[in-house]
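Breakdown of the fold
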Amino acid sequence: MSSASSSSGPSSPASSATLIDPTSPSLGTLSLKDITDEDKATAAELKKLANTAFGANAFAEAAKLYGQAIEKNPLDSTLFCN
């Protein structure tokens, strides 16, 4: 009888995904205190500009602006949704 599972099949994306290293310096040093109100305001403005660029089908520009917003406020999960 053959087994229901086979090790010769393709690997799933989950099995081959690269995990984020929790000891990464950028993750290890980030805290809520590191993100200033000015950073939050700048990130919000960059998100508005990115949304406008996206609406105008300027996708490369939008991606660049979303990336800049994430750099300013990586704890704002809404920035990763666009």
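Residues numbered from 1 in each chain as written. Predicted model: local features only at pLDDT ≥ 70, side-chain atom pairs only at ≥ 80, totals over all residues. Heavy atoms only, no water.

Re the overall build of the protein
- Check the secondary structure of the protein and you find four helices and zero strands.
- Reading the protein from its N end, one meets helices and strands in the order α-α-α-α.
- For the protein, with 82 residues in total, the buried portion stands at 16%.
- Counted over contacts in the protein with a minimum sequence separation of 6, partners at least 24 positions apart contribute 45%. (Helix = DSSP H or I, 4+ residues; strand = E, 2+ residues; numbered from the N terminus. Buried < 20%, exposed > 50% of the residue type's maximum accessible area, 1.4 Å probe, protein only. Contact = heavy atoms within 4.5 Å.)

A word on the environment of Gln 68
- Of note, Gln 68 is situated in helix α4 (residues 59–72).
- Assessed through its relative accessible area of 31%, Gln 68 is described here as partly exposed.
- For the pair formed by Gln 68 and Ala 50, sequence separation is 18 residues and the distance between their alpha carbons is 9.6 Å.

Regarding the confidence of the model for the protein
- For the protein, mean pLDDT is 79; residues scoring 70 or higher make up 61% of the total.
- Within the protein, the lowest mean pLDDT, 53, falls on helix α1 (residues 13–16), and the highest, 97, falls on helix α3 (residues 37–55). (pLDDT = per-residue confidence, 0-100.)

Observations concerning unusual backbone geometry
- With phi around 65°, Asn 57 is a residue other than glycine that occupies positive phi space.
- Tracing the sequence through the fold places Asn 57 in the loop between α3 and α4.
- By relative accessible area, which is 56% here, Asn 57 ends up exposed.

Topic: the side chain of Asn 73
- If you trace the backbone, Asn 73 turns up in the segment after α4.
- With residues up to four places along the chain from it excluded, the contact list for Asn 73 reads Ile 35, Lys 40, Ala 43 and Leu 79.

As for the pattern of salt bridges
- Per the counting criterion, the structure on display carries two salt bridges.
- The residue Lys 72 makes a salt bridge to Asp 39 at a minimum N-O spacing of 3.9 Å. Taken together, the residues span a long stretch of sequence, with Lys 72 in helix α4 and Asp 39 in helix α3 at a distance of 33 residues.
- Note on Asp 39: relative accessible area 17%, which makes it buried. (Salt bridge = Lys/Arg side-chain N within 4 Å of Asp/Glu carboxyl O.)

Details of the nonpolar core
- Core analysis: the largest hydrophobic core is formed by nine residues, namely Ala 43, Leu 46, Ala 50, Ala 53, Ala 62, Leu 65, Tyr 66, Ala 69 and Leu 79.
- Once residues within four sequence positions are removed from consideration, Ala 53 is found in contact with Ala 58, Glu 61, Ala 62 and Leu 65. (Core = buried A, V, L, I, M, F, W, Y, C linked by side-chain atoms within 4.5 Å.)

Structural notes on the environment of Gly 67
- Inspection of the secondary structure assignment puts Gly 67 in helix α4.
- According to the relative accessible area criterion, Gly 67 is partly exposed, its value standing at 28%.

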